[in-house]
Amino acid sequence: MKAVLCKEYGPPESLVIEEVPSPKPGKGQVVIAVKAAGVNFPDVLIIQNKYQFRPPLPFSPGGEVAGIIKEVGEGVTQVKPGDRVIGSVGWGGFAQEVACDQARLIPIPDALDLVSASAFMLTYGTSHYALKNRAQLKAGETLLVLGAAGGVGLAAVELGVLMGARVIAAASSQDKVDLCISRGAAGGIVYPEGPLDRDAQRKLSDDFKNVMGGEGANVIYDAVGGTYAEPALRAIAWEGRYLVIGFPAGIPSIPLNLTLLKGCQIIGVFWGAFTARDPKGNQENIAELMGFAQSGRLKPYVSKTYPMAKVAEALNEMAARKVKGKIALTMD
Ligand SMILES: NC(=O)c1ccc[n+]([C@@H]2O[C@H](COP(=O)([O-])OP(=O)(O)OC[C@H]3O[C@@H](n4cnc5c(N)ncnc54)[C@H](OP(=O)(O)O)[C@@H]3O)[C@@H](O)[C@H]2O)c1
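What counts and how
- Along each chain, the written sequence defines residue order, and numbers are assigned to residues from 1.
- This being a predicted model, a pLDDT of at least 70 is required before a residue's local features are given, and a value of 80 or more before pairs of side-chain atoms are given or counted; all residues contribute to the totals for chains, interfaces and linings.
- For side-chain calculations, the full set of non-hydrogen atoms in the structure is used, while hydrogens and water are omitted.
- Segmentation into domains, and thus their bounds, comes from an automatic or database assignment.
- Two residues qualify as a contact provided that any one of their heavy atoms is within 4.5 Å of a heavy atom in the partner residue.
- Buried area: the sum, over both parts, of the accessible surface (1.4 Å probe) that disappears when the two are put together.
- We define a salt bridge as a side-chain nitrogen of Lys or Arg found within 4 Å of a carboxyl oxygen belonging to Asp or Glu.
- As used in this structure description, the phrase polar contact means that two N or O atoms lie within 3.5 Å; if the pair is within protein, one of them must be able to donate a hydrogen and the other to accept it, and residues adjacent in sequence are counted only when both atoms belong to side chains.
- Ten residue types, Ala, Val, Leu, Ile, Met, Phe, Trp, Tyr, Cys and Pro, are classed as nonpolar, four, Asp, Glu, Lys and Arg, as charged, and the remainder, Gly among them, as polar.
- Helix numbering and strand numbering both begin at the N terminus, where a helix is a DSSP run of H or I of at least 4 residues and a strand a DSSP run of E of at least 2.
- To sort residues, take the accessible area from a 1.4 Å probe on protein chains only and compare it with the maximum for the residue type: under 20% means buried, over 50% means exposed, and anything in between is partly exposed.
- Only strands joined by at least two bridges in the DSSP assignment are considered to pair.
- Angular values range over 0 to 180 degrees, each being the angle between N-to-C directions of two axes fitted as lines to C-alpha atoms, with helices fitted over their stretch in contact.
- Each angle is binned into one of four classes, with values under 35 degrees roughly parallel, values over 145 roughly antiparallel, values of 65 to 115 roughly perpendicular, and all other values oblique.
- Less than a right angle of anticlockwise turn of the near helix away from the far helix marks a crossing as left-handed, whereas a clockwise turn marks it as right-handed.
- When we say a residue is near a molecule or strand, we mean one of its heavy atoms is within 4 Å of it.
- Using a 1.4 Å probe, accessible areas were evaluated by the Shrake-Rupley method; residue-level cover was limited to the displayed protein chains.

Peer 1: Describe in detail the domain arrangement of the chain, supporting the description with residues and values.
Peer 2: When cut into domains, the chain gives domain 1 (2–120 + 300–330) and domain 2 (123–272). Relative placement of domain 1 and domain 2: their C-alpha centres are 28 Å apart. Contacts between domain 1 and domain 2 engage 13 residues on the former and 17 residues on the latter. Each partner contributes to the roughly 1200 Å² buried at the junction of domain 1 and domain 2, and carbon and sulfur atoms together form 56% of this total. Interface area lost by domain 1 to domain 2 is led by Tyr 301, Arg 321 and Lys 324, which between them contribute 46%. Connecting domain 1 to domain 2 are one salt bridge. With its nearest N and O atoms 3.3 Å apart, the salt bridge here joins Asp 175 to Lys 324. The interface formed by domain 1 and domain 2 includes eight residue pairs in polar contact (both at pLDDT 80 or more). Of the residues that constitute the side of domain 1 that touches domain 2, the class distribution is seven nonpolar, three polar and three charged.

Following this line, the structure appears as structure tokens:
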């Protein structure tokens, strides 16, 4: 079988595609014939040794896949060959076949095609956990999403709308904001590409306050970080909740006095750790999300698919913040 391989850390161009032996399922594992793999920002980071998980070289990137079960190992009881499944593999997914623990499989609802399924779990899983479990977002609250047209960002917009919030989408182009509005956001704001100097940060904070009106944002979903974080925090409402999701624009430092002045909370969100530490809570969330998928209330916006041979192009588009919604690699 063919696999995308990271043999040395570096930019997407340093990835190679090679013929490698098919994986064998270990105890409690299955082998998935991968049809599509969702592409996520962590894939850009993991090949540069900049992510929190550091698989030994050589490895295939690709954290989530959708495909058909090819083979099951000893002790596998919940699935069988031929089943359509999502595999949350962490890495190894940019390949024609991947081994996956039974516990990390999710049956695909009939309403989802395989490409949509490959782009579903990481983004909706993260944003659902963030908004529901961490922020306890309530109907009628105002939710500001930074990086709103990206993978996790657009998922936060859609889930915020489903939860009854008034969602304001912030992104770096009008096109991106328009996409968010077409997916249910009540309004939006275009911010400069950055990094922002002090004056630009002050202006952005005023712009955030103006677009939200009232007291500001009850919940802020920050999938961007960098020089966008402080202006956003300055536009939070009294007792607001600020969700720390990711740092494509850099890791910000925040003056802690702002939390005192706003009586607000800064809340870290690490979905992968949650799934490992609270399997029961994770199962409840997955069941809820799959219900939304089956009833047609959630379906990822996959703006483009790339064949495996174009993996570097796909990852470069993501690093250059050109992607809208989700992209996926197809393996046939
Ligand atoms: N906490 C968790 O559990 C968890 C789970 C999954 C992902 N994440 C993290 O969430 C972040 C977003 O992941 P994603 O897969 O949704 O990525 P994505 O689709 O590429 O979205 C990231 C967004 O960040 C914005 N951005 C701002 N500055 C950027 C820069 N210098 N380079 C690239 N993008 C920039 C872009 O929007 P604009 O152009 O509109 O600014 C882009 O749409 C990543 O840091 C990822 O590691 C965290």
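Peer 1: Tell me what's going on with the pattern of salt bridges, and back it up with residues and numbers.
Peer 2: Enumeration according to the criterion identifies 16 salt bridges in this entry. For Arg 183, the salt bridge goes to Glu 158, with nearest N and O atoms at 2.7 Å. Of the two residues, Arg 183 is situated in the loop between helix 5 (174–182) and strand 10 (187–190) and Glu 158 in helix 4 (residues 151–162); the sequence distance between them amounts to 25 residues. With relative accessibility at 26%, the residue Arg 183 sits in the partly exposed group. A single salt-bridge network, built from bridges that share partners, covers Arg 198, Glu 230 and Arg 234.

Peer 1: Could you give an account of the sheet that holds strand 12 (residues 236–244), naming the residues involved and the relevant values?
Peer 2: Reading across the sheet, the six strands line up as 10-9-8-11-12-13 and stay open at both edges, with parallel pairing between neighbours. The strands lining the two open edges of the sheet, one partner per strand, are strand 10 and strand 13 (265–268). In this sheet, neighbouring strand axes are inclined to one another by 20° on average, regardless of whether the strands run parallel or antiparallel. In this structure, strand 8 (residues 142–146) lies alongside strand 9 (residues 166–171), joined through five bridges in parallel fashion. Looking across to strand 9, one finds that Thr 142 is bridged to Arg 166. Packed on one face of the sheet, helix 5 meets strand 9 and strand 10 and runs near 165° to strand 10.

Peer 1: Hey, could you go over the packing of helix 3 (residues 121–134) against helix 10 (residues 279–294) for me, with residue numbers and the actual values?
Peer 2: In the contact formed by helix 3 and helix 10, the axes pass within 10 Å of each other and the chain directions differ by 115°. Compared by their axis directions, helix 3 and helix 10 come out roughly perpendicular. Where helix 3 crosses over helix 10, the two elements pack in a sense that is right-handed. Touching Met 121, Tyr 124, Gly 125, His 128, Tyr 129, Lys 132 and Asn 133 of helix 3 are Asn 285, Ile 286, Glu 288, Leu 289 and Met 290, all from helix 10. Residues belonging to the contact of helix 3 with helix 10 are distributed by class as follows: six nonpolar, four polar and two charged.

Peer 1: Describe the site of the ligand, and please don't skip the residues or the numbers.
Peer 2: Around the ligand, 25 residues are found, and the nearest of them are Gly 151, Ser 172, Lys 176, Tyr 191 and Val 269. Interatomic distance of 3.3 Å between a backbone N/O atom of Phe 247 and an oxygen atom of the ligand. Here the ligand, which alone exposes 900 Å², has 92% of that area covered by the protein. Only helix 1 (41–46), helix 3, helix 4 and helix 11 (311–319) provide two or more residues apiece to the shell around the ligand. Composition of the shell around the ligand by domain shows at least three residues from each of domain 1 (2–120 + 300–330) and domain 2 (123–272).

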